[in-house]
Amino acid sequence: MADMPNGLELFHSIAAQGERVRALKAEKASKDEVDSAVKMLLSLKTSYKAAMGEEYKPDCPPGDPAPGSISDPSATTDSEDFVDPWTVRTSSAKGIDYDKLIVQFGSSKIDKELIGRMERATGQRPHRFLRRGIFFSHRDMNQILDAYENKKPFYLYTGRGPSSEAMHVGHLIPFIFTKWLQDVFDVPLVVQMSDDEKYLWKELTLDQAYGYTLENAKDIIACGFDISKTFIFSDLQYMGMSPGFYQNVVRIQKHVTFNQVKGIFGFTDSDCIGKIGFPAVQAAPSFSTSFPQIFRDRSDIQCLIPCAIDQDPYFRMTRDVAPRIGYPKPALLHSTFFPALQGAQTKMSASDPNSSIFLTDTAKQIKTKVNKHAFSGGRDTVEEHRQFGGNCDVDVSFMYLTFFLEDDDKLEQIRKDYTSGAMLTGELKKTLIDVLQPLIAEHQARRKEVTDEMVKEFMTPRQLSFHFQ
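A brief look at the structure comes next. (Residues numbered from 1 in each chain as written. Predicted model: local features only at pLDDT ≥ 70, side-chain atom pairs only at ≥ 80, totals over all residues. Heavy atoms only, no water.)

## Observations regarding the packing of aromatic side chains
- For the coordinates displayed, the defined rule picks out 32 aromatic pairs.
- Ring centres of Trp 201 and Phe 278 lie 5.9 Å apart, and the angle between their planes is 75°; this geometry places the pair in the edge-to-face category. Taken together, the positions of Trp 201 in helix H8 (residues 195-201) and Phe 278 in helix H13 (residues 273-283) put the pair 77 residues apart, joining distant regions of the chain.
- By relative accessible area, which is 21% here, Trp 201 ends up partly exposed.
- Since its relative accessible area comes to 2%, Phe 278 is described here as buried.
- Through a chain of ring-to-ring contacts, three or more aromatic side chains come together here, namely Phe 129, Phe 135, Phe 177, Trp 180, Phe 338, Tyr 400, Phe 403 and Phe 404.
- The residue whose ring lies beneath Arg 316 is Phe 105, and the NZ or CZ to ring-centre distance is 4.5 Å. (Phe/Tyr/Trp six-rings, centres within 6.5 Å; stacked < 30°, edge-to-face > 60°. Helix = DSSP H or I, 4+ residues; strand = E, 2+ residues; numbered from the N terminus. Buried < 20%, exposed > 50% of the residue type's maximum accessible area, 1.4 Å probe, protein only. Lys NZ or Arg CZ within 6 Å of the ring centre and 35° of its normal.)

Written out as structure tokens, the structure reads:
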């Protein structure tokens, strides 16, 4: 959602929040929960007045904004960021203001205290994504650590929307981190392949969407997940064979109104009904009864979801519904966006080959893309660069190194050298190329070893191995 969403989005958000307040009061929820919901309602009404110049009136929705107006997502001004599950845009070369997003979404910052607690609990050094603030925000991670320290079960849930046959390096981020979480906590993982979503949103046939699922699953398996603890499933296939999963979808759908999904996701009357119902499908894996083959009849096992921050609207909805249908709220760990080669104003796109480093790219293609397309924070001339130094905050090659270069000391030395002017842009790009080429080559080698039979085994509903009480 944008910092200044359009009036109609705010109107529906207020209506949805009003319904939530009434539902909480009817359920005799705690005073703190009701007060928090009321505070959010008042904040939305204040935002509506600021955007529209008039008070909110329940029976008077505003007209749609004119294309290109300030309330239209396509007209992002210098002070605006726009983030929803389908669009990420900012006018700042530094990228999204994530501290602002934490406030906007109502999540909590991953601070040194939480990272230290994770290190103490697992006995493992924190992943570089935590050390460098790439995973920067959370919901209820302390509850997960409480469970782990008390030998109580939890499980991981992440996913992939298979919109193309080839994935890019940005798609690896949640899976690299989820693999680390699975290893250090020794817990089961479910991976949702939302091929139904891509069929509804993209110009794909059902066969194409499912075909992309199978291809993308090979890249996910190549990340090294433990087959005894990992279940990958296609929505198009699993929904029809799992009554528990579909029953949870229906439970969620019953407790979310059309006004609420319009307010959360910006759906319009022109959207197909499949889109309107889909958020419940993405929510359902958050509940352990969706996987009876793994968790039997346990309905009390909490879920931890590592994902990019743009997916949070789905899970805010999920967390709102969970206590009303008798399930624990899922916990979340949010990552920043992986920037396009052209700059941090947008995330990578699988549909633009020059915005991305694909997992199928050759060493030569990687070198050409980085040298030709990676946005530089360097100066116009070598003389100016030596004198004034480069800007790591906007340089895409440096940003990519923060994701993929493991050595903290080397990364800091590169930052100092580039900022001082001792390192030139060409040298920085070469450093990135030297990191990316073996990383992609090693991934390609692992993927070649993934057979169709292995994919079938990962995607077969079955009992997984975990050792909690």
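## Quick notes on a nonpolar patch on the surface
- On the surface, Tyr 199, Leu 206 and Leu 236 cluster together into a nonpolar patch covering about 240 Å² of accessible area.
- Relative to the helices and strands, Tyr 199 is located in helix H8.
- A relative accessible area of 37% places Tyr 199 in the partly exposed class. (Patch = residues over 30% accessible without salt bridge, like charges linked within 9 Å, V, L, I, M, F, W, Y side chains within 5 Å. Areas by Shrake-Rupley, 256 points an atom, 1.4 Å probe, with all protein chains shown as cover. Salt bridge = Lys/Arg side-chain N within 4 Å of Asp/Glu carboxyl O.)

## Remarks on the pattern of salt bridges
- Applying the stated criterion across every chain yields a total of 27 salt bridges.
- Taking the shortest distance from any N to any O, the salt bridge between Arg 447 and Asp 219 comes out at 3.1 Å. Pair noted here: Arg 447 is in helix H20 (residues 425-448) and Asp 219 is in helix H9 (residues 206-221), with a separation of 228 residues, a long-range link.
- According to the relative accessible area criterion, Arg 447 is partly exposed, its value standing at 22%.
- By sharing partners, the salt bridges in this structure join Arg 125, Arg 128, Arg 131, Arg 132, Glu 406 and Asp 408 into a single network.

## Focus on the side chain of Thr 402
- Mapped onto the elements of the fold, Thr 402 is located in helix H18 (residues 396-404).
- You can call Thr 402 buried: its relative accessible area is 17%.
- Within polar-contact distance, the side chain of Thr 402 engages the backbone oxygen of Met 399 at 2.4 Å.
- If sequence neighbours within four positions are ignored, Thr 402 has contacts with Arg 132, Ile 134 and Leu 411. (Polar contact = N/O pair within 3.5 Å; in protein donor to acceptor, adjacent residues only side chain to side chain. Contact = heavy atoms within 4.5 Å.)

## What to know about the nonpolar core
- Ranked by internal contacts, the top residues of the largest apolar core, which has 66 residues, are Phe 135, Met 141, Leu 181, Phe 185, Ile 232 and Leu 304.
- Considering every element that reaches this core, the biggest residue donor is helix H7 (residues 169-185), with nine residues. (Core = buried A, V, L, I, M, F, W, Y, C linked by side-chain atoms within 4.5 Å.)

## Quick word on the sheet that holds strand S3 (residues 108-109)
- The strand order S3-S4-S9-S8-S5-S6-S7 describes an open sheet built from seven strands, whose pairing is mixed. Looking at strand neighbours, the two that pair on one side only are S3 and strand S7 (230-234), the edges of this open sheet.
- Note that strand S5 (residues 154-160) and strand S8 (residues 302-308) share three bridges and pair parallel. Paired with Tyr 155 across the two strands is Cys 303, which belongs to S8.
- Contacts from H7 reach strand S4 (135-139), S5, strand S6 (189-193), S7, S8 and strand S9 (331-335) within the one sheet, and its direction differs from that of S5 by about 165°. (Pairing = 2+ DSSP bridges. Axes fitted to C-alpha atoms, helices over the stretch in contact; angles between N-to-C directions.)

## Quick word on the environment of Ile 433
- Positionally, Ile 433 belongs in helix H20.
- You can call Ile 433 buried: its relative accessible area is 6%.
- Note: C-alpha distance between Ile 433 and Leu 401 (32 residues apart in sequence) is 9.7 Å.
- If we skip the residues at most four places from it in the chain, Ile 433 touches Lys 367, Val 370, Asn 371 and Pro 438.

## A short note on the pairing of S4
- Most of S4 is tucked away, with five of its five residues classed as buried.
- Bridge analysis of S3 against S4 gives two bridges, and the strand direction is antiparallel. By the bridge assignment for S4, Lys 109 is matched with Ser 137.

## A closer look at the environment of Gln 282
- Relative to the elements of secondary structure, Gln 282 occurs in helix H13.
- The exposure class assigned to Gln 282 is buried, which follows from its relative accessible area of 7%.
- Taking the C-alpha atoms as reference points, Gln 282 and Thr 318, separated by 36 residues in sequence, lie 8.9 Å from one another.
- Within the structure, Gln 282 has its side chain in polar contact with the side chain of Gln 311 (distance 3.0 Å).

## Focus on helix H6 (residues 141-149)
- Turning to H6, its buried residues number three or more, namely Met 141, Ile 144, Leu 145, Ala 147 and Tyr 148. Across the axial projection of H6, the buried residues extend over an arc of 160°, all falling on one side.
- Close packing links the buried residues of H6 with helix H4 (112-122), S4, S5, H7, S8 and S9.
- Positive backbone phi, at 60°, marks Lys 151, one or two positions downstream of H6. (Arc of directions from axis to C-beta.)

## Regarding unusual backbone geometry
- Although it is not a glycine, Asp 140 sits at a positive phi angle of roughly 65°.
- One can find Asp 140 in the loop between S4 and H6.
- Even without being a glycine, Lys 151 presents a positive backbone phi close to 60°.
- Residue position: Lys 151 is located in the loop between H6 and S5.
- Here Lys 151 falls in the exposed class, since its relative accessible area comes to 54%.

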